[in-house]
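# Remarks on the overall topology
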Amino acid sequence: MNQDPQTLQSLLDGLDYPVYIVTAADEGERAGCLVGFATQCSLDPVRFLVCISKANRTFRVARTAGHLGVHLVPRLGFELAELFGGQTGDDVDKFARCEWEEGPDGVPLLAGCPDRFVGRILERTDAGDHVAFHLEPVEWRSEGHASLTFQDTKGIEAGHPA
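Below or above, wherever it landed, is the structure these notes cover.

### Looking at the pairing of strand β3 (residues 38-43)
Relative to strand β4 (residues 46-53), β3 is paired through five bridges, and the arrangement is antiparallel. Its bridge partner being in β4, Ala 38 is matched across the sheet by Val 50. Taking the residues between adjacent antiparallel strands as the criterion, β3 and β4 are bridged by two residues.

### Comments concerning the environment of Gly 85
Within the secondary structure, Gly 85 sits in helix α3 (residues 78-86). Classification of Gly 85 as buried rests on a relative accessible area of 15%. Gly 85 sits 56 residues away from Arg 141 along the chain, and the two C-alpha atoms are 23 Å apart.

### A word on the pairing of strand β9 (residues 130-141)
Bridging between β4 and β9 involves six bridges; their strand directions are antiparallel. Looking at β9, one finds that Ile 52 is bridged to Val 131. Note that strand β8 (residues 116-126) and β9 share 10 bridges and pair antiparallel. In the sheet register, Glu 123 faces β9, and the bridge partner there is His 134. Hairpin remark: β8 followed by β9, antiparallel, with three residues in the connecting loop; positive phi at Gly 128, about 90°.

### So, α3
Buried residues of α3: Leu 80, Ala 81, Leu 83, Phe 84 and Gly 85, and no others. Looking at the buried residues of α3, the elements they touch are β1 (20-26), β2 (29-35) and β7 (108-110).

### So, unusual backbone geometry
Residues Asp 44 and Pro 45 are joined by a peptide bond in cis, for which omega reads 5°. Although it is not a glycine, Glu 27 adopts a positive phi angle of roughly 50°. As for its placement among the helices and strands, Glu 27 is situated in the loop between β1 and β2. The phi torsion at Asp 105 lies on the positive side, around 60°, for a residue other than glycine. A residue is classified by how much of its surface remains accessible, and Asp 105, at 45% relative accessible area, is partly exposed.

What counts, and where the lines are drawn
- Sequence order as written defines residue numbering, which begins from 1 separately in each chain.
- The predicted origin of the model limits local features to residues at a pLDDT of at least 70 and limits the giving and counting of side-chain atom pairs to 80 or more, whereas totals for whole chains, interfaces and linings rest on all residues.
- Here the side-chain values reflect all heavy atoms present in the structure, with hydrogen atoms and water set aside.
- In short, DSSP must find at least two bridges between two strands for them to pair.
- Strands here are runs of E lasting at least two residues and helices are runs of H or I lasting at least four, both read from the DSSP assignment and numbered beginning at the N terminus.
- Only protein chains enter the area calculation, which uses a 1.4 Å probe; residues under 20% of their type maximum are buried, those over 50% are exposed, and those in between are partly exposed.
- Only heavy atoms enter the contact rule, under which two residues are in contact if any of them lie within 4.5 Å.

Pasting the structure below:
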């Protein structure tokens, strides 16, 4: 078995999966970021896992929030992916640059991402340079749009390092 780190990185770089924009609100602050590490983790009851970088402003808001918004980015939503993945909320008010509405617990819901859900945070678990948020979906909406993937967003330079 090969244990060369470059071979492993090459394998991981070739994977493809949906990307999400995760939003949070707490104590009057809003934040959101592009997330690649996310998956359904239980069927019954339905549960979802989202990992947010500790370096990210969204993490600083999410660590005390009660809910997160999880938005599947539609194929035609590259501009939103670029805004939430390529800018940092430390410097830019991302929500002033897109349409959104307030959802449960004040969570910002993006108009440009009609396939989404709000999840109540059940648990936070350290996952290295990220924290895993274990979510229970409490409200959702789906229009069945095809979604943007990790490979589609490779050219976006991150607003924060991982």
